[in-house]
Amino acid sequence: MGAIATTNEKLTASLAKLSLPKCHPDVFCGDATMFHPWKSAFKGMAESCNVTPENEMNYLCMYTTGEPRKLVNSYRKRRHKDLEKLLMELWMELEKRFGNVAVITNAFLTRLRESARFGEYDKKKLQAFSDLCSDVVSQVSQLPGLACLNYPNAIRPILYNLPESLRNRWEEEEEEFYSHQSKIHNYNFFSTHY
């Protein structure tokens, strides 16, 4: 009786799995900040389908574009006796170019400087900037290079790109902060005020 119940539970779980839409990773375009989420989704898809190395190489081509696809195609052209080893080398190179801590940190810092350029009343860009600040705060523990944002010389180039009213507000907050604290303003404080 227990074996029948177990079989029914497995059958029900399998049918439930089949009714879900297939989960596919996004197409990776080279945005270093998205490399690890994309890699995780891609690996999850490949493992759930028990993909062969030949098919994994083809899927990599299918789920990349731009510079990542050029790299994948470069590896696809190589004739190699051990395709698993070639795939491992490709993943290592993808990691080096797009998943490296320094590359991701630089991408966040560049994006912060660029996204701070918006008009006084551009609420959509202000919201996008605020979201990016939250993303950066969430990454500080994984990306130690972002700790540079705890120092004024790193915040200032971002601050100078902001609209004047926000800069003035920041300077007022900074004066208030310094009058009560002996610590340097940190990025978490900056990001929570925008």
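Structure: see above.
An account of the accompanying structure is given in this report.

About the thresholds
- Every chain's residues receive numbers from 1 upward, in the order its sequence appears when written.
- pLDDT decides what is reported in this predicted model: residues at 70 or higher carry local features, side-chain atom pairs at 80 or more are listed and counted, and totals for whole chains, interfaces and linings draw on all residues regardless.
- Processing note: side-chain calculations cover all non-hydrogen atoms of the structure and skip hydrogens and water entirely.
- An axis is simply a line fitted to the C-alpha atoms; with a helix, the fit covers only the stretch in contact. Between two such axes, the angle follows the N-to-C directions and lies from 0 to 180 degrees.
- Runs of H or I in DSSP of at least four residues are treated as helices and runs of E of at least two as strands, each being numbered from the N terminus.
- Between 65 and 115 degrees an angle is taken as roughly perpendicular, under 35 as roughly parallel, over 145 as roughly antiparallel, and anywhere else as oblique.
- If you view the pair so one helix is near and one far, a crossing is left-handed when the near helix is turned anticlockwise from the far one by less than a right angle, and right-handed when it is turned clockwise.
- The contact criterion used throughout is that any non-hydrogen atoms of two residues lie within 4.5 Å.
- Each residue is assigned to one of three groups, with Ala, Val, Leu, Ile, Met, Phe, Trp, Tyr, Cys and Pro labelled nonpolar, Asp, Glu, Lys and Arg labelled charged, and all others, Gly among them, labelled polar.
- A pair of Phe, Tyr and Trp rings is counted when the ring centres sit within 6.5 Å of each other, with Trp represented by its six-membered ring. The angle between the planes then sorts it: under 30 degrees is stacked, over 60 is edge-to-face, the rest tilted.
- Relative accessibility under 20% of the residue-type maximum defines a buried residue, over 50% an exposed one, and the middle range a partly exposed one, all with a 1.4 Å probe and only protein chains included.
- Both a distance and an angle decide whether a charge sits over a ring: NZ of Lys or CZ of Arg must be within 6 Å of the ring centre and within 35 degrees of the ring normal.
- Each salt bridge in this description consists of a side-chain nitrogen of Lys or Arg and a carboxyl oxygen of Asp or Glu lying within 4 Å of one another.

Moving on, we get to the packing of helix 3 (residues 53–62) against helix 4 (residues 67–77). Packing of helix 3 against helix 4 brings their axes to within 9 Å, and their N-to-C directions diverge by 155°. By the angle class used here, helix 3 and helix 4 are roughly antiparallel. Here the hand of the crossing between helix 3 and helix 4 comes out left-handed. Between helix 3 and helix 4, the residues in contact are Met57, Asn58, Leu60, Cys61 and Met62 and Arg69, Val72, Asn73, Tyr75 and Arg76, respectively. Within the contact of helix 3 with helix 4, the residues separate by chemical class into six nonpolar, two polar and two charged.

Tallied over the full model, the rule gives ten aromatic pairs. Between phenylalanine 42 and tyrosine 63, the ring centres sit 6.3 Å apart and the planes meet at 70°, which makes this aromatic pair edge-to-face. Separated by 21 residues along the polypeptide, phenylalanine 42 in helix 2 (residues 35–48) and tyrosine 63 in the loop between helix 3 and helix 4 bring together distant segments of the chain. Tyrosine 63 gets classed as buried once you look at its relative accessible area, which sits at 8%. Pairing tyrosine 59 with tyrosine 63 gives two aromatic rings, centres 6.4 Å apart and planes at 35°, and the pair type is tilted. Three or more aromatic residues joined by ring pairs form one cluster here, namely Phe28, Phe35, Trp38, Phe42, Tyr59, Tyr63, Trp91 and Phe98. The lysine or arginine in question, arginine 78, covers the ring of tyrosine 75, its NZ or CZ lying 3.8 Å from the ring centre.

Further remarks concern the pattern of salt bridges. Inspection of every chain in the model, using the stated rule, returns six salt bridges. The salt bridge involving lysine 96 is made with glutamate 93; its shortest N-O contact spans 3.7 Å. Linking lysine 96 with glutamate 93, this pair stays in helix 5 (residues 83–99), spanning three residues, or about one helical turn. In this structure, arginine 97 and glutamate 93 form a salt bridge, with 2.7 Å as the shortest nitrogen-oxygen distance. Of this pair, arginine 97 and glutamate 93 both sit in helix 5, four residues apart, which is roughly one turn of that helix. Judged by relative accessible area, which is 41%, arginine 97 ranks as partly exposed. The class of glutamate 93 is buried, set by a relative accessible area of 15%. Through salt bridges with shared partners, one network takes in Glu93, Lys96 and Arg97.

Limitation: the analysis is restricted to geometry and does not speak to function.
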